[in-house]
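Take a look at the letters that make up each chain.
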Amino acid sequence: MAILKAPRRLPRLLVFVAVTCIIFTYFLLDRIPQRHGKWRTRTLYVPSSFDWAKRRQTHPLFESDMTRLPEGPPHELPRIQHDFSLDTPSKAHNQTQRRRRDAVRSTAQKCWATYREYAWGYDELRPQTLSGLDTFSGWGATLVDSLDTLWIMGLRTEFQEAVRMVGTIDWDNSTGVVCSLFETNIRYLGGLLSAYDLSQEKTLIKKAVELGNMLYAAFDTPNHMPANAFHFERARRGLLVADSREQSASVGTLSLEFTRLSQITGDMKFYSVIDRIKSELERTQSGTKLPGMWPTFVDLRNGFLTPDSSFTLGAMADSAYEYLSKMYVLLGGLDPTYKKMHTKAMETVRNHLLFRPMLPDADTADILFPGTVLSNGGKIIDLLPEVQHLGCFTGGMFALGGKLFGIDEHVEIGEKLARGCAWAYEAFPTGVMPEVSEIMPCKTPNLKPCEWNETRWQEESEDAERFSKGIRAVRAPGYMLRPEAIESIFILYRITGKEDLLDVAWRMFESIQRATETKFANSAIADVQADGGYTTKIDSMESFWIAETLKYFYLIFSDPELISLDEYVFNTEAHPFKRPKPGGDDMPGGGEKPMHD
Ligand SMILES: *[C@@H]1O[C@H](CO)[C@@H](O)[C@H](O)[C@H]1NC(C)=O
Ligand SMILES: *[C@@H]1O[C@H](CO)[C@@H](O)[C@H](O)[C@H]1NC(C)=O
Ligand SMILES: *[C@@H]1O[C@H](CO)[C@@H](O)[C@H](O)[C@H]1NC(C)=O
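Residues numbered from 1 in each chain as written. Chains lettered and ligands numbered in written order. Predicted model: local features only at pLDDT ≥ 70, side-chain atom pairs only at ≥ 80, totals over all residues. Heavy atoms only, no water.

A. How the structure looks around the overall build of the protein. Counting secondary structure elements, the protein contains 18 helices and 16 strands. Here the protein holds 597 residues, and 56% of them are scored as buried. Excluding contacts between residues fewer than 6 apart, the proportion of contacts in the protein whose partners are at least 24 apart in sequence is 71%. (Helix = DSSP H or I, 4+ residues; strand = E, 2+ residues; numbered from the N terminus. Buried < 20%, exposed > 50% of the residue type's maximum accessible area, 1.4 Å probe, protein only. Contact = heavy atoms within 4.5 Å.)

B. Expanded view of the nonpolar core. In terms of nonpolar packing, the biggest core is built from 174 residues, with Leu147, Phe230 and Ile489 touching the most fellow members. With ten residues, the top contributor of residues to this core is helix α5 (residues 181-199). (Core = buried A, V, L, I, M, F, W, Y, C linked by side-chain atoms within 4.5 Å.)

C. Geometry of the site of ligand 3. As a matter of local geometry, ligand 3 sits amid Asn453, Arg456 and Glu459. The contact in question runs from an oxygen atom of ligand 3 to an N or O atom on the side chain of Asn453, over 2.4 Å. In the complex, 32% of the free accessible area of ligand 3, which totals 360 Å², lies under the protein chains. (Near = heavy atom within 4 Å. Polar contact = N/O pair within 3.5 Å; in protein donor to acceptor, adjacent residues only side chain to side chain. Areas by Shrake-Rupley, 256 points an atom, 1.4 Å probe, with all protein chains shown as cover.)

D. A look at the side chain of Lys326. Looking at where Lys326 falls in the secondary structure, it is placed in helix α11 (residues 318-330). Setting aside chain neighbours within four positions, we find Lys326 in contact with Leu256, Leu400, Val569, Phe570 and Asn571.

E. Here's a closer look at the UniProt feature "binding site: Ca(2+)" (unreviewed entry) in the protein. Within the UniProt annotation, "binding site: Ca(2+)" (unreviewed entry) is assigned to Thr572. For Thr572, the position within the fold is in the loop between β15 (568-570) and β16 (576-578). For Thr572, a relative accessible area of 15% translates into the label buried. The contact partners of Thr572, leaving out residues within four places of it in the chain, are Ile186, Thr253, Ser319, Glu322, Tyr323 and Glu548. At 2.8 Å, the side chain of Thr572 forms a polar contact with the side chain of Glu322. (UniProt positions renumbered as here; feature names shortened; annotations may be inferred.)

F. Here's a closer look at the packing of aromatic side chains. Tallying each qualifying case throughout the model produces 27 aromatic pairs. Consider the rings of Tyr216 and Phe270, whose centres lie 6.0 Å apart with planes at 80°: the pair is edge-to-face. Taken together, the positions of Tyr216 in helix α6 (residues 202-216) and Phe270 in helix α10 (residues 269-284) put the pair 54 residues apart, joining distant regions of the chain. The buried category is assigned to Tyr216, whose relative accessible area is 6%. (Phe/Tyr/Trp six-rings, centres within 6.5 Å; stacked < 30°, edge-to-face > 60°.)

G. Looking closely at the layout of surface pockets. For the largest pocket, the calculated volume is near 470 Å³. Taken together, 26 residues make up the lining of the largest pocket; nearest its centre are Phe182, Glu183, Asp318, Leu390 and Arg482. Only α5, β5 (246-247), α8 (248-252), α11, α16 (484-496) and α18 (544-556) provide two or more residues apiece to the lining of the largest pocket. Here the residues of the lining of the largest pocket sort into nine nonpolar, six polar and eleven charged. (1 Å grid on protein atoms, 1.4 Å probe; cavity = no way out; pocket = protein on both sides within 12 Å on 5 of 7 lines; lining within 4 Å. Points joined across faces, edges and corners; volume = space filled by probe spheres on them. Nonpolar A, V, L, I, M, F, W, Y, C, P; charged D, E, K, R; others polar.)

H. Expanded view of α5. Compared with an ideal rise of 1.5 Å per residue, which puts 19 residues at 27 Å, α5 spans 25 Å between its outermost C-alpha atoms and is within 8% of the ideal. Bending of α5 peaks at approximately 30° at the position of Gly190. Extensive coverage of α5 is indicated by the burial of 19 of its 19 residues. Taken from the residues just after α5, Gln200 is the one with a positive phi, measuring 60°. (Expected span 1.5 Å × (residues − 1). Bend = angle between axes of the 7 residues up to and from the residue.)

I. Broad picture of the pattern of salt bridges. Counting across every chain of the model gives 35 salt bridges. Residue Arg187 is joined to Glu542 by a salt bridge in which the shortest nitrogen-to-oxygen separation is 3.1 Å. In this pair, Arg187 is assigned in helix α5 and Glu542 in the loop between α17 (500-516) and α18, connecting sequence segments 355 residues apart. Under the relative-accessibility criterion, Glu542 is labelled partly exposed at 22%. (Salt bridge = Lys/Arg side-chain N within 4 Å of Asp/Glu carboxyl O.)

J. Summary view of the sheet that holds strand β13 (residues 436-439). One open sheet accounts for three strands, arranged β12-β13-β14; its pairing is antiparallel. In the strand order of this sheet, the two ends are held by β12 (386-388) and β14 (471-476), each with one partner. Between one strand axis and the next, the sheet turns by 25° as a mean value, whatever way the strands run. Here β13 pairs with β14 via four bridges, running antiparallel. The residue bridging Ile439 from the neighbouring strand is Ile471, located in β14. (Pairing = 2+ DSSP bridges. Axes fitted to C-alpha atoms, helices over the stretch in contact; angles between N-to-C directions.)

K. Region of interest: the state of the cysteines. This model, assessed by the stated rule, comprises two disulfides. Covalently, Cys392 is tied to Cys421 through a disulfide, its sulfur atoms 2.1 Å apart. Its torsion about the S-S bond being -95°, the disulfide of Cys392 and Cys421 is classed as left-handed. Linking Cys392 in the loop between β12 and α13 (394-404) with Cys421 in helix α14 (residues 408-426), this pair joins segments that are 29 residues apart in sequence. Each member of the pair, Cys392 as well as Cys421, is classed as buried. Across the disulfide, Cys442 is cross-linked to Cys450 (sulfur-sulfur distance 2.0 Å). Its torsion about the S-S bond being -75°, the disulfide of Cys442 and Cys450 is classed as left-handed. Note on Cys442: relative accessible area 11%, which makes it buried. What makes Cys450 buried here is its relative accessible area of 15%. (Disulfide = S-S within 2.5 Å.)

L. Fine view of the packing of helix α9 (residues 255-265) against α10. Contact geometry of α9 with α10 gives a least axis separation of 7 Å together with a crossing angle of 150°. In terms of orientation, α9 and α10 fall into the roughly antiparallel class. When the axes of α9 and α10 are compared, the crossing they make is left-handed. Where α9 approaches α10, its residues Ser255, Phe258, Thr259, Leu261, Ser262 and Thr265 are matched on the opposing element by Lys269, Phe270, Tyr271, Val273 and Ile274. The residue inventory of the contact of α9 with α10, partitioned by class, reads six nonpolar, four polar and one charged. (Parallel < 35°, antiparallel > 145°, perpendicular 65-115°, else oblique. Left-handed = near helix turned anticlockwise from the far one by under 90°.)

In structure tokens form, the structure reads like this:
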């Protein structure tokens, strides 16, 4: 019997072997680099389990309610970057840049490899226990947030592998019943849009559109103001309402991502809803207790403003201000409202929030900090000289706006703010500044310098024995691997071309490495005041470490034309979006073909 059957089996075996070979070759080919260094990818795309685009709106916005992107050719905006072609970099300079850049890249590679090995698909790596942690819905925050960094650093194999994983994300499979609209927007949507802008990988824009359609449901509220607490089930049923006490950053930090999504897809609904927020910001800007700025908390249900009397550029408000000038850029200068709002806000910041520290070496340390203001709406305006690491982005914001709108004083202020944070880094034993501290302010008007007063310092400082001269208190001593200080140093370098900023950046990088490096990655630390270089690691590496901090360090040590500020605009999670090209054909609504898939 066995013998009789053998001849019939042989062809089947051949077929089996042939099929196996074909499949094997197919997978193998997949990993072979093609010509021009491009990788052939079989893009894996699995749609999410719910299609939010098909959901019926409870409070529909009709075509007639829609605002379209401003029409017409984008304006030629003033050049932002220093003209580096005028410089003649020495061989030594080039070598130093390369060495530093490679060090940053190795750190990123190491952290990514560890994430891949121990936390693949999770939101974060726990760098000490070497496990995964979900903090932002479990869709893989680090995975998505790191995409553009991998691309920019030329880590293409890692990038392609990440893209395939991203292609399988299901936005309707979340670890929580609620997600934060703000965080989901800046990390996930921003990360996808930027990686798409750089790589043109179709999977990425498909996932971005899915996510955009989901987040659009946050605006399906009675007054079309967004609900930051995105409760999936309520959103699906159209039951969301905007909060009456919402952080101003949450509502003010959607514009860049939603605009870029409309620009790429040609679907105006995304832009339309954020343009309504702009109108509210514009309408209320001069009627607050500190005219020009918005209170830290806003009322999205009734009339926008709240009785809140605190005004800050730190936590809960920060990027609402950052996005004003950046929106002007992304819209190719076609909406003057953003310019008006930015300049008005920055005047108020300059006159009321900024302060100069009292320092023993006032002549050399020509620096500024942003504080927090309490205002009762009348004459009483109190400045708290509280310095947050989060607020260190202010330097870049002032300098960028100053270049864009031709306000030289703002570029100078930006530099003093950026150098302020650099000073604060060096004022602590680890060479890294803490989350929140207080610094002795000068009492002289108009940001003028003041004399050092030892008596006042001894009286006011909470620990004059221990702190560097000028530090009044430390309110939150940790360092969470945050990017804002290097972000501003990077922007100032690109704008001014001042070479000493490269050394400032390198000292920051070395200090951060010394204080946070672990065997397999980097970790947030409990206290930047640790003596002798020993720091307590707190087993956390948020997605912004690779997405932002390491990207800015990498870029400052790279060719200044890599992600030029004249070609890209960064969202608040350091994701660069392509700027429209002046002269015409890039401006959607004014000519670009809508993307259909
Ligand atoms: C340094 O690098 C720049 C730009 O990458 C290049 O144009 C220049 O020739 C280099 N200089 C030297 C001395 O190698
Ligand atoms: C949801 O995601 C988790 C973890 O990523 C996975 O284990 C689970 O199978 C998913 N559930 C569904 C219904 O897809
Ligand atoms: C220094 O500060 C002390 C305490 O605040 C104050 O009494 C004194 O007048 C100050 N000295 C000068 C020269 O301003």
